[in-house]
Every structure is written in structure tokens, then in C-alpha cells.
Amino acid sequence: MASKTVQLEIKRQASPDAPAVWEKFELEWRPGMNVTSSLMEIAANPVTADGHATTPITYDSNCLEEICGSCAMRINGKARMACSALVDNLEQPIRIEPLSKFPLVRDLQVDRAVLFENLKAVKAWVPVDGTYDLGSGPRVFPQQQEVNYPLSNCISCTCCMEVCPQFNEETGFVGAATIAQVKLFNNHPTGKVFKEERLRALAGDGGIQECGFAQNCVEVCPKKLPLTNAISDVSRDVLIQKAKDFLRS
Amino acid sequence: MATAQHPSAPTLRPGVQPLRAGQGTSFLWRKLHSLLGIIPIGAFLLEHLLSNFEALKGPAAYGAQVRFLNSLPMVRILEWVFIFLPILYHGLYGVYIWVRGNSNIVYYPWAGNWMYTAQRYTGLIAILYIGQHVLRQRFMGISLPENPGAAFAKVQHELANPWMLAVYVIAMIAICWHFAYGIWLFAAKWGIIPGVKARKRFGFVCAALGLALAIMGLVSMWAFISPRYKNTPDIVPLTTTQLHIQNAQPAYTLL
Ligand code: SF4
Ligand code: SF4
Ligand code: FES
């Protein structure tokens, strides 16, 4: 009996400077398979569709349930999470490539440290470190929680940056994720101690002004963050902060 | 590989550099670009389209409008400070914004992404068109500030060429598009409409405005090519009485 199969085409690159090559794989179809599980199967038996032995494919993944943010890659041209990309919903052959805007490490693995640097640059945290007990924090009312919760869902997958036409080496744009986190931490009763600093940081080169409002970020975000709303709100806050700074200088 | 490294960037890495927190002046230049698009450029566009509409009342009324505009105090300074220089800056900085972005509608054919791309192409059409329009109508041929009565015929001769007419029609639509979406972008990016629903509603408002302006512009063009004012003399006398008579004619009698 001829069993149903799944065709994959994967872009591979042995090192950052090695030439890119496409390899084809054919796997036996199984119910519920997704792109990450397919990559695992290839790792278990790394043989290409035409029978050549090859190396297992390098990729990031961790939670396997779209909550850690590590498995972002381009699947049939679009950035998305591999673990939630069900094979049955994809056109075949499934073409898999690494994200295009981040330095390549190997195969499908890229270095997305820039997001971490950006989050540090805007102090995207609540400052509670100290040498003594600070006691319990201020209350956050449910109404405020409703606004903040969706923003706290970011999994740092960088999909919003990958699809952003403004995120590139020319602009050095900070990207939507960091802007959304600025809104989140500025809303926090303790986090807002850094509000002015965060807003000033975002007015730097590569800051919020680089956004062209193409709205790709909000379309692609796997966690459905209200990114364009955040960009709009934070833009206004940055503008007001700059105006205040100018008048008080 | 290794791109120019900003001193504040924490580590030397290839790829997109992290935010240069609080450094540089691009925020100011970008916001200036954005603001100028509304005031004075957008305001001037409205004035220009309204003035064009006077053409429907005939050559004398149109000439009188040109004379009125040129009689404004310090008009030559106004012209440079509120029209030429802002448009030049908005246009050049706009091209600079364009070349630094990378359009990706092939992979992500979403509405917002289309509009992002359209805003760049309509802007390019606008700057090319405005360049030739200002040169040919303001700085070449008979000088209209001195001879406002010649305004109608000058435009009429221009539009008599079907290629020129096509250029004007395309530019009119592109500019109204660019302005309408520009207002929307301004409101979105300055935090005036942070809500999804509000942005959608305001999108309809802007679309209606853009459409109305484009129609208004195209209808005014009709005055110059319609048989009614065929062969307008190169300079029409602009007496107040004549103006009065021309004004008395309702616009719809032309159509
Ligand atoms: S709205 Fe567009 S330009 Fe702005 S961050 Fe999102 S994808 Fe990038
Ligand atoms: S905002 Fe969305 S797309 Fe961007 S990093 Fe966070 S989860 Fe990913
Ligand atoms: S493996 Fe964690 S999001 Fe896909």
C-alpha cells in the first residue's frame, strides 16, 4: 500500500559564511504532525528524499506549544512558529527557511539577541531588586490588568520584527515587540518609575519614529498582541515626553 | 558584514543594530516630515484645489483668484516658507524613508502593507509631478503673479496636450490618495487614534475626503478642456464687473 507522504524543502547553511543549499525530504504522513515534529523525524533519520545521508537540521525549539517563542522560521515564505504550523494546513512541498533579518548561526537557527538588547535599552522590567524587603507591591486594578495582560503575552519570537518593512540594518529600527513592552511596563505601578527614561530611549535613532505603520507586525504576531495600538499610544507618549523635555530644558 | 558600529551599541554583532537609546536627531526630522505633510502642505493642497474650482466659473474668475492669492502680504516669502521649502523637505526626506525600508508585499500581501507601499509610490509620483508643475507653471512661460489674467490660458494650453492631461489626471489621483492616507497615518502615528475601531472608522473618513478631493480636482480640470471656454484669449482682462458677471453663472451650466 502506497502510504501518504509529506514533502519538505529545507534551506541549509552549515555556518554563517557557508553557501546556502536546499535539501529535499520526504516523510511518511502521520496525523497531527507539525513542522517541528517533522524536523525531529528528520533528525532521527537524516536522509534526503533522494537517499543521501545528511546531518540533522539545526533549529531552535523548546516548549512545542507556541509559548516559548524559540521556533520562529519562515514556512512557505511567511514567518511563523514551527511548532504550531500543522503540516495538514500547509501547501506542499513545505519550504522552510531561517528568519531573514537576523544573523544566521546554522541551518534554521538565527541569533535574535537584538531583541534582548532592545528590551534592555528600554529597561523593560519592574525594578524591585534591593538589599532590603520592599514589601508588597501596589495593587493593579482589574481594569488595568485587562489592558496589560494581552501585552504580557509576548513570547519574544521576533516574528513582528522579521515581517516589518522598517526593521533592517539601514534603520536599526527597534521593532514592535519592544514598543509593546514599553507600554506594558509604563502601565505597571512600580515599573512606571522608568517611564520617562523608556520614552526618551524610544526617541533615539532606530526608535519608534521609524515605524511606517504597515501593520504587518500585528497581522503576524502569534500571540495576537495589540501592537499597532501600542505603537500609537507609545508614539504619543514619546512625543509628549520630548515636548516636555524641550520646554523644560 | 560588520556594519558601522554606534558607540552605545553594547556588543559588536552583525545584523540589525539595537536601539540607540535616546541618541541622535532622527526623531525630530521624522516628526517634522510627518507634520509638514499636514501643515502647511496639506492645507496648501486644500487651498489649491479650492482655487482650481474657481476655473469652473470661467477664465476671469480663475484669473481673479490667482490675482487674489498673489495680492496676499509677503506672498513671495509665504510661497517659499510655506509651500516650496516644506514640499522639498517632505519629498526628499520621504525618498530617504523609502530607500531605507524594504517593502515585502510579495510575502505579506496584507492591506496595511499595500498601503505602506502605495504611500511610497504615490509620493514619488507627487514629487516628480510637482517638480515639473512648479517649473512649467510658476517659473517658465508667462509669469502669472504679474499677469494673473493669463492663468486660465496657460493651464488650458498645458492640458490641450493629451499626454499632459494624462499626467495631470494621474498626479491628481495619486496626490489625493497620498494626502488622504497621510492624514490617517498622521493620526495613527501621533497617537490620536490608538484604537482599532477608531482607526477603521477614521479610515473611512479619510477615504471619503480623498475621493471628494480627487473628484473636485478632476472636475476643475474639465473647465480647461471643455468646449465652453475653448480658445480663451492668452490674457483675459480682470475687471471687477466682469468678475461679477462670471461669478453669477452657476457652475453646473458647464457640465
Ligand atoms: S506597524 Fe509596520 S512598520 Fe510599524 S512596527 Fe509594525 S510592521 Fe513595522
Ligand atoms: S510581539 Fe508578537 S510577534 Fe512580536 S515578539 Fe512578541 S509574540 Fe512575537
Ligand atoms: S517551540 Fe516554543 S514556541 Fe515553538
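Residues numbered from 1 in each chain as written. Chains lettered and ligands numbered in written order. Predicted model: local features only at pLDDT ≥ 70, side-chain atom pairs only at ≥ 80, totals over all residues. Heavy atoms only, no water.

## Considerations on the confidence of the model for chain B
Residues and elements named next belong to chain B.
Part 1 of the argument: Across chain B, the average pLDDT comes to 91, with 89% of residues at or above 70.
Part 2 of the argument: Across residues 241-248, confidence stays below pLDDT 50; counting only partners more than four residues off in sequence or on other chains, it has 11 contacts.
Part 3 of the argument: Below pLDDT 50 for its whole length, residues 250-255 participates in 7 contacts with residues either more than four positions away or in separate chains.
Part 4 of the argument: If you check the scores for this complex, the pTM reads 0.91 and the ipTM reads 0.93. (pLDDT = per-residue confidence, 0-100. Contact = heavy atoms within 4.5 Å.)

## Here we look at the environment of P103 of chain A
Part 1 of the argument: If you trace the backbone, P103 of chain A turns up in the loop between β5 (94-97) and β6 (104-106).
Part 2 of the argument: Between the alpha carbons of P103 of chain A and V114 of chain A there is a distance of 9.8 Å; along the sequence they are 11 residues apart.
Part 3 of the argument: When residues no more than four places from it in sequence are discounted, the contact partners of P103 of chain A are V110 and D111 of chain A together with P14 and G15 of chain B. (Helix = DSSP H or I, 4+ residues; strand = E, 2+ residues; numbered from the N terminus.)

## Thoughts on the site of ligand 1
Part 1 of the argument: By nearness alone, every residue bordering ligand 1 is listed as C164, Q166, F173, A176, C211, G212, F213, A214, Q215, N216, C217 and I231 of chain A.
Part 2 of the argument: Residue composition of the shell around ligand 1, grouped by class: 8 nonpolar, 4 polar and no charged. (Near = heavy atom within 4 Å. Nonpolar A, V, L, I, M, F, W, Y, C, P; charged D, E, K, R; others polar.)

## Topic: helix α3 (residues 75-100) of chain B
Residue and element names in this part refer to chain B.
Part 1 of the argument: When the terminal C-alpha atoms of α3 are compared, their 36 Å separation across 26 residues agrees well with the 38 Å that a helix rising 1.5 Å per residue should span.
Part 2 of the argument: At L85, α3 shows its largest bend, some 30 degrees, and a proline, P86, comes one to four positions later.
Part 3 of the argument: Taken as a whole, α3 has its buried residues at V75, E79, I83, F84, P86, I87, H90, G91, Y93, I97 and R100.
Part 4 of the argument: Lining the buried residues of α3 we find α1 (26-53), α2 (59-70), α4 (111-139) and α6 (162-189). (Expected span 1.5 Å × (residues − 1). Bend = angle between axes of the 7 residues up to and from the residue. Buried < 20%, exposed > 50% of the residue type's maximum accessible area, 1.4 Å probe, protein only.)

## Topic: the interface of chain A and chain B
Part 1 of the argument: In this complex, chain A contributes 53 residues to the contact, which on the side of chain B involves 47 residues.
Part 2 of the argument: Roughly 4200 Å² of surface becomes buried between chain A and chain B when both sides are summed, with 55% attributable to carbon and sulfur atoms.
Part 3 of the argument: Of all residues in chain A, D205, Q209 and F213 of chain A give up the largest surface area on contact with chain B, accounting jointly for 15% of the area buried on that side.
Part 4 of the argument: Across the pair E210 of chain A and R100 of chain B runs a salt bridge whose closest N-O atoms are separated by 2.4 Å.
Part 5 of the argument: Contributing elements (two or more residues each) for the side of chain A that touches chain B: β4 (78-81), α2 (113-121), α6 (195-202), α7 (216-220) and α8 (227-248) of chain A.
Part 6 of the argument: Counting residues per element, the side of chain A that touches chain B draws most heavily on α8 of chain A, at 9 residues.
Part 7 of the argument: Broken down by class, the residue content of the side of chain A that touches chain B amounts to 22 nonpolar, 17 polar and 14 charged. (Buried area = accessible area lost by both parts, 1.4 Å probe. Salt bridge = Lys/Arg side-chain N within 4 Å of Asp/Glu carboxyl O.)

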